[in-house]
Amino acid sequence: MILQLFIKGLSLGAVYALIAIGFSLLWQTSRTINFAQGEFVTLPAFLMVLLALVFKIPFALALILTIIISGLLLGYLMNRVLDRPLIEKGVLPLVVATIALGFMIRDSLIISWTPEALYFPSLVPKKPLHLGDATFSAVDLWNIFVATLIISGLHLFVKRTKTGKALQAVSQNRDVANILGINASKMILLAFLINAVIAGFSSILIAPIYMVKYDMGVELGLKAFYAAIIGGFNQTRGALLGGLLVGLIETFTAAYISTHYKGAFVLIVLMVVIVFKPEGLLGEKELYEYR
Amino acid sequence: MIRRILSICIPLVLTVALVLSFGATAKADNVKFAIVCEISGGGAPVGKNWERGVLMAVDEINQAGGILGKKIETFTLDTKSEAPVSVAAMKKGIEQKPFVVMGTIYSSSTIVNMSILEKAGIPQFTGSEAPKITQQGNQNIFRSSYSADLSMKKVVKWLTDVHQVKKLAIIYVNNAFGKGGRDALVELLTAKGVELVSDIPTEPGQMDFTGELARAKSTDADTLFIYCHEEESGRMLPAIREMGVDKKMRIVGHTTLLTADTIRLAGKAADGVQGHVGLSPVAPPLKALADKYIAKYNEGPDHNFFKAYISTYVVKALVEEIGAFDQQKLRDKLHNHTLYVRDHPNIMMDIYYDEKGDIDRESFLVEIQDGQHVITKTIPPLEPARFKGN
Amino acid sequence: MNTVKASKVTPLRASIGWLCLLGIFVLPAFSVSSQYILYLASLTCIYTLTAAGLNLILGYAGQISLAQAAFMGIGAYTVALLSTKLSFWVALPLGGGIAFVLGLVLGFPSLKVKHHYLAMITLGFNIIVYLILMNEQEITGGSYGVFNIPRPKAGPIDFTSNESYHILIALVTCFIMLLTYWTLNSQWGRAFKGIRENELRAEMLGVSLRNYKLLAFAIGSAFAGIAGGLLAPLLGYIDPTIFNLGFSFQFLLMVIVGGSGRFEGPFIGAIIITIFPEIFRVAERLYFVIFALAAMLILIFMPKGAVTLWDWLFQTITGREAPKLTK
């Protein structure tokens, strides 16, 4: 049973980690706390249903189109329209703007499409697999695999390429990066694009399990938020650790301690982390204060 | 100057708009039915079926000449599946002075908005099943389906007589609907000596059920009873298959676990699930109506469609029996009253309303095979004596 | 354009203004035949109160709180559970008091952390309060909620009818707003503002940041507690789902859209969210989309909130600048 819960928890946590990484990337580069992060997952999921199930476009093509559209809409457009005018006004206006954006996306989906949950087929068979007394499905392994792939890809990009290093420089200190001749606003745009694309991928992982629904992002966005803070807001590996921890804590506490207070355990961990190690488990203290 | 004119005009326009929006009145010779239900939010699939049920019945009635020569007019208000919004919607609804109000379905909403209609004296037909609703002495509310405590009597009889259940695990949604059903079921089962080995609440709209299912699986229960809304049931059933819970215990449920919507979301994972339902689209009396629905909407109806459709015809039947649109007489007459299909063909099945507004009629045991209901047994009403006029 | 005279706030004018406001709040009880509109008016008062509390935290002390709904819940449950046993008149201040104390406790981390951390802590607090209300069934009634919450009586005066209860709500709201007004214009209020504008400078001038921030947090929370206490008898029942996180988000939007740090802001925000949808009934389903869109536009183009529109309206009609209600 423990193994089964472990695999399930990891699979869930891997998706949380994916969403959390984009989240902390936005924070690092532009000091945007994206409360609409969950809707960044919802929208691509609806796009996939629209393209693949309604218009019946071949799956791979639909996937590519979805990633491109959500990159344009949630990456480029969000950066240009919302982030740029507000970025210099401090953290709070952006927080409120993203909350409003979340409300807007959810209600637009209800009005323009449906308030109901939609079925989404799984890419890999949901047939049960057995390992000892544990039963899980190929979907779980697939989720862990894809998430690992994307996260290590991102890690390599940031650490090994020139653009990646510039991105890192901006996230460590925007002003210094500017002095060094790095175009900070370009890098911020890049962060937005990366976030939108990763969120798009994670929506394809989570949609077959959670179904596609206008409010599917609310819980996901919160979990990603928890994950980013627990792991460390300024580190990619922090989001990874945080995501996996949130997934595991949730699964194990619900199974062994209490289903009533399932939601509370993660929060208690979160509060303890905030009070005693605000930079997160793997985070580093931020020396550079933004207004 | 322009600015000044503008600044005077804007408030003026707003005021006029405000006045106009309340000025709309209905044609005098029509009678109004209010539909107040869950158009958006978690209850959306339920509300959609409910609204369609009323509308289809109203269309048919109007085409056939209305009730006592009067055409029915309807208007729909959304509760967003939230109790406070349903209160606001009811207050808004009664201002148009409808003859009856059809809705709400979510028990947590109905429990709080029913007193508004009781005060206004407008009869209410609800789709809710929580026992508490008819236990408060409200003479104004009528159900359209079994109260959970009554249907659970049938469920318990089935579980203990047919399946010989000894140890039961239950997963329910922690709101007035789920908790109401769970409390009724547990009380009846413990009286029969069945042991409750696992008692697991879930949140409305919950996404992930791994921990809950692991908990159920680790017990030695022989049966898992699921009492959640359609959406959560649709997510839970595939997870049950994946985790192999169904290999260890029987999966059973009541109504919501077996609706068209649950099946649509769960796909193949719904096959093999058994349960008790009040109304089934494959039941002989309802088959033709279900086909009409499918032809019109290109998808299968759920029980809420039938509930609303039948209730609308119940109103028509009663008004015609009374011979006038009299809300007080309707209330008085419908209590302790049986309506027969032979007199009113469109009520589909003989139906009895008791002194509290609860109903009694036949119901069905079904199993899902290839995404369809298959009726395994028709269960007679709880008290067949009530239908002796037949 | 030539320079505009600023309207001075003299005591006389302030009193007249307050009487007008009281009038606006109480008026619906006498003029509106529609019970629904009256209900909306009552809600507007309650929302104004909660938003005004958040405005203290956000606009004057520069902190963020996503727990207003939870504090409302605490006040509402205190009144719901105790007004039959004790009295509404005891339970209402008690609810505010409990919210105040919990606000103090929750405010402590706010001294240490900023931004997203504080947002997270308050958000977590909201979820935990929700879970406790949901699961401690013996005390709170769990998911069934609490029913038949009576409306209060004061000797011969009965606040049972919707009209009279609305007057009570309006009076309480006005009274608390008046207290706030008075406080904000005292030395104390200036300290609040000092914190928001420049923490370092405020500290150097000898303002104890710690105490002021804590107090702002606690008082703002207490407002929500009292608003919740008024909400419970208005609805007649409560359950935990009312006090969810989305509700807290709504208050944040209300304050920002209305205009944070401005005294009139919360009132404008509350009206926009409750009354406007009724005026624009045609766009009813679209309303929240429009509201969210407007919120974003206001943030970008009117950083001071919709209160800017009010200022403009005041100026074009009277030819004078709108009065500055707080210094």
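Notes on the structure follow. Fair warning: this is a prediction, and the values are worked out from it, not measured in the lab.

## Thoughts on unusual backbone geometry
- The omega torsion across Gly103(B) and Thr104(B) is 0°, close enough to zero to call that bond cis.
- Along the chain, Thr104(B) falls in the loop between strand 3 (100-102) and helix 4 (107-120).
- One non-glycine residue, Arg31(A), adopts positive backbone phi at about 55°.
- With respect to the element layout, Arg31(A) can be found in the loop between helix 1 (2-30) and helix 2 (37-54).
- Among the residues examined, Arg31(A) registers a relative accessible area of 7% and is labelled buried.
- In this structure, Leu68(B) takes a positive phi of about 50° despite not being glycine.
- Secondary-structure assignment places Leu68(B) in the loop between helix 2 (44-63) and strand 2 (72-78).

## What to know about the sheet that holds strand 2 of chain B
Residues and elements named next belong to chain B.
- The five strands lie next to each other as 2-1-3-4-5, forming an open sheet whose pairing is parallel. Strands at the two margins of the open sheet, each flanked by one partner only, are strand 2 and strand 5 (141-143). Sheet twist, expressed as the mean angle between neighbouring strand axes with direction ignored, is 25°.
- Relative to strand 4 (residues 124-126), strand 3 runs parallel, the two sharing two bridges. Across the sheet, the residue bridging to Met 102 is Phe 125, located in strand 4.
- Most of the contacts of helix 4 go to strand 4, to which it runs at about 165°, and overall it touches strand 3, strand 4 and strand 5.

## A word on the sheet that holds strand 14 (residues 363-369) of chain B
Residues and elements named next belong to chain B.
- Strand order in the open sheet formed by seven strands is 7-6-8-9-10-14-15, and the pairing between neighbours is mixed. Looking along the sheet, the strands with just one partner apiece sit at the ends: strand 7 (195-202) and strand 15 (372-379). Across the sheet, the mean angle separating the axes of adjacent strands is 25° when strand polarity is ignored.
- Both strand 6 (residues 167-173) and strand 8 (residues 223-227) contribute to a ladder of five bridges, which runs parallel.

## Quick word on the packing of helix 12 (residues 245-258) of chain C against helix 13 (residues 265-274) of chain C
Residue and element names in this part refer to chain C.
- Direction vectors running N to C along helix 12 and helix 13 enclose 120°, while the axes themselves pass 7 Å from each other. Two packed elements cross with a definite hand, and for helix 12 against helix 13 that hand is right-handed. Residues Gln 250, Met 254, Val 257 and Gly 258 of helix 12 form the contact with helix 13, whose own contacting residues are Gly 265, Ile 268, Gly 269, Ala 270, Ile 272 and Ile 273.
- Of the residues that constitute the contact of helix 12 with helix 13, the class distribution is six nonpolar, four polar and no charged.

## Structural notes on the interface of chain A and chain C
- Across the boundary between the two partners, chain A contributes 40 residues, which contact 38 residues of chain C.
- Together chain A and chain C conceal approximately 3400 Å² of surface at their shared face, both sides included; 83% is due to carbon and sulfur atoms.
- For the chain A face of the interface with chain C, the top three residues by lost area are Phe103(A), Ile111(A) and Tyr261(A), together amounting to 17%.
- There are zero salt bridges connecting chain A and chain C.
- Here chain A is connected to chain C by four residue pairs in polar contact (both at pLDDT 80 or more).
- Every element with two or more residues in the side of chain A that touches chain C is listed here: helix 3 (59-86), helix 4 (91-112), helix 9 (216-231) and helix 11 (262-276) of chain A.
- Broken down by element, the residue count for the side of chain A that touches chain C peaks at 15 residues, all from helix 4 of chain A.

## Comments concerning the pairing of strand 8 of chain B
Residue and element names in this part refer to chain B.
- Counting buried residues along strand 8, five of its five residues qualify, which places the element largely inside the surrounding structure.
- Residues Thr 223, Phe 225 and Tyr 227 line one face of strand 8 and the alternating positions Leu 224 and Ile 226 line the opposite face, and both faces are buried.
- As paired strands, strand 8 and strand 9 (residues 250-254) are joined by four bridges and run parallel to one another. Looking across to strand 9, one finds that Phe 225 is bridged to Val 252.

## Concerning helix 1 (residues 11-26) of chain C
All names here are of chain C.
- The end-to-end C-alpha separation of helix 1 is 22 Å, in line with the 22 Å expected for 16 residues at 1.5 Å each.
- Taken residue by residue, helix 1 has Ala 14, Trp 18, Leu 21, Phe 25 and Val 26 as its buried positions. Looking straight down helix 1, one finds that the buried residues subtend no more than 125° of arc, so they occupy a single side. Away from its buried face by more than 90 degrees, helix 1 exposes Leu 12, Leu 19 and Ile 24.

Cut-offs used in this document
- Residues numbered from 1 in each chain as written.
- Chains lettered and ligands numbered in written order.
- Predicted model: local features only at pLDDT ≥ 70, side-chain atom pairs only at ≥ 80, totals over all residues.
- Heavy atoms only, no water.
- Helix = DSSP H or I, 4+ residues; strand = E, 2+ residues; numbered from the N terminus.
- Buried < 20%, exposed > 50% of the residue type's maximum accessible area, 1.4 Å probe, protein only.
- Pairing = 2+ DSSP bridges.
- Axes fitted to C-alpha atoms, helices over the stretch in contact; angles between N-to-C directions.
- Contact = heavy atoms within 4.5 Å.
- Left-handed = near helix turned anticlockwise from the far one by under 90°.
- Nonpolar A, V, L, I, M, F, W, Y, C, P; charged D, E, K, R; others polar.
- Buried area = accessible area lost by both parts, 1.4 Å probe.
- Salt bridge = Lys/Arg side-chain N within 4 Å of Asp/Glu carboxyl O.
- Polar contact = N/O pair within 3.5 Å; in protein donor to acceptor, adjacent residues only side chain to side chain.
- Expected span 1.5 Å × (residues − 1).
- Arc of directions from axis to C-beta.

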